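Below, each chain spelled out in residue letters.
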Amino acid sequence: MKMEIIDNFLPSYQADSYVKVFGSSSGFPWMFEDNLNGSFYLGNYYFNHIIINERKFSGDGEQYIHLFIPLLSRLKISIQDLWRLKVNLYPRTQRRIHHKSHVDYDPDSGFATCLYYVNDNNGMTVFDGKRKVRSKKNRAIIFDGATKHHSTTPTNFNWRASINIDYRL
């Protein structure tokens, strides 16, 4: 599967609504994780909220699924097509931290990944240690999540948020 980068993925009012929901004190619940990708070291933490994992809603996932309907509609997928849906929030660090590379699922699983960037910042996603895609508000990357990739922290903004959608092709 070829990587596709799409700017202005959603209408601006929908993109703005994600900034408000995930980047303010709107009450969206963030879960603290101090072992990003199973690695324990100082500074390797982030916040997330899993809505769906392995085709099942998390404890409160059904309460928040409505937030993601614009993205699912734009991707032309249904809730039943979702393998995993989660939101990630990386706090600012003094120096950019590269997280451990990982894959979202096994090769030939019949899935694709959409990574949607909620806000502008200088954080990025690095693929195979080579290609870098910068976080840009309302940008989506559609790619094979079986490709090794990793996130980084931002250094020029207090937070970096992304929505990760793994779905059946």
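It should be emphasised that the depicted structure is a prediction, and the values quoted were computed from it without experimental measurement.

Undergrad: How would you summarise the overall build of the protein chain if you had to cite specific residues and measurements?
TA: Within the protein chain, the regular secondary structure consists of 3 helices and 11 strands. If you list the helices and strands of the protein chain from N to C, you get β-α-β-β-β-α-α-β-β-β-β-β-β-β. The C-alpha atoms of the protein chain give 15 Å as radius of gyration, which agrees with the globular expectation for 169 residues (15 Å, within 12%). By principal-axis analysis of the C-alpha atoms, the protein chain measures approximately 40 × 35 × 30 Å. Taking all 169 residues of the protein chain together, 48% fall into the buried category.

Undergrad: Outline the pairing of strand 7 (residues 124-127), listing residues and values.
TA: It is a general feature of regular strands that their side chains alternate between the two faces of the sheet. Here strand 7 shows a buried face lined by Met124 and Val126 and a second buried face lined by Thr125 and Phe127. Where strand 7 meets strand 8 (residues 131-134), 4 bridges bridge the pair, whose relative direction is antiparallel. Note that in strand 8 the partner of methionine 124 across the bridge is arginine 134. What sits between strand 7 and strand 8 in their antiparallel hairpin is a turn of 3 residues, with aspartate 128 showing a positive phi close to 55°. The pairing of strand 7 with strand 10 (residues 149-151) spans 3 bridges and is antiparallel. Residue pairing in the sheet places phenylalanine 127 in a bridge with histidine 149 of strand 10.

Undergrad: Before we move on, can you summarise the environment of valine 118 with the specific residues and values?
TA: Looking at where valine 118 falls in the secondary structure, it is placed in the loop between strand 6 (111-117) and strand 7. A relative accessible area of 0% means that valine 118 is categorised as buried. Considering only alpha carbons, one finds valine 118 and leucine 89, 29 residues apart in sequence, at a separation of 9.6 Å. Discounting chain neighbours no more than four positions away, the residues touching valine 118 are Tyr18, Val19, Phe22, Lys137, Asn138, Trp159, Ala161, Ser162 and Ile163.

Undergrad: How would you sum up the pattern of salt bridges? Please name residues and give values.
TA: It is possible for side chains of opposite charge to pair when their charged atoms get near one another. This structure, assessed with the given rule, holds 5 salt bridges. Ionic pairing is found between aspartate 16 and lysine 137, a salt bridge with its closest N-O pair at 2.4 Å. Linking aspartate 16 in helix 1 (residues 12-22) with lysine 137 in the loop between strand 8 and strand 9 (139-143), this pair joins segments that are 121 residues apart in sequence. We classify lysine 137 as partly exposed; its relative accessible area is 28%. In the salt-bridge network here, residues are joined through shared partners; they are Asp7, Lys136 and Arg139.

Undergrad: Explain the packing of aromatic side chains to me, using residue names and the numbers behind them.
TA: Scanning the entire structure with this criterion turns up 15 aromatic pairs. Arranged with centres 5.8 Å apart and planes meeting at 5°, the rings of tyrosine 18 and phenylalanine 22 form a pair that is stacked. Remark: phenylalanine 22 and tyrosine 18 occur in helix 1; sequence separation between them is 4 residues, near one turn of the helix. This pair shows no difference in class: tyrosine 18 is buried, exactly as phenylalanine 22 is. With centroids separated by 6.0 Å and ring planes inclined at 65°, the aromatic side chains of phenylalanine 22 and tryptophan 30 adopt a geometry described as edge-to-face. On the basis of relative accessibility, which here comes to 23%, the residue tryptophan 30 falls in the partly exposed class. In textbook terms, an aromatic cluster arises when at least three aromatic residues are bridged by ring pairs, as seen for Phe9, Tyr18, Phe22, Phe28, Trp30, Tyr64, Phe68 and Tyr116. We note arginine 74 situated over the ring of phenylalanine 9; from NZ or CZ to the ring centre the distance is 4.4 Å.

Rules behind the numbers
Residues numbered from 1 in each chain as written. Predicted model: local features only at pLDDT ≥ 70, side-chain atom pairs only at ≥ 80, totals over all residues. Heavy atoms only, no water. Helix = DSSP H or I, 4+ residues; strand = E, 2+ residues; numbered from the N terminus. Rg over C-alpha atoms; globule rule 2.2 N^0.38 Å. Buried < 20%, exposed > 50% of the residue type's maximum accessible area, 1.4 Å probe, protein only. Pairing = 2+ DSSP bridges. Contact = heavy atoms within 4.5 Å. Salt bridge = Lys/Arg side-chain N within 4 Å of Asp/Glu carboxyl O. Phe/Tyr/Trp six-rings, centres within 6.5 Å; stacked < 30°, edge-to-face > 60°. Lys NZ or Arg CZ within 6 Å of the ring centre and 35° of its normal.

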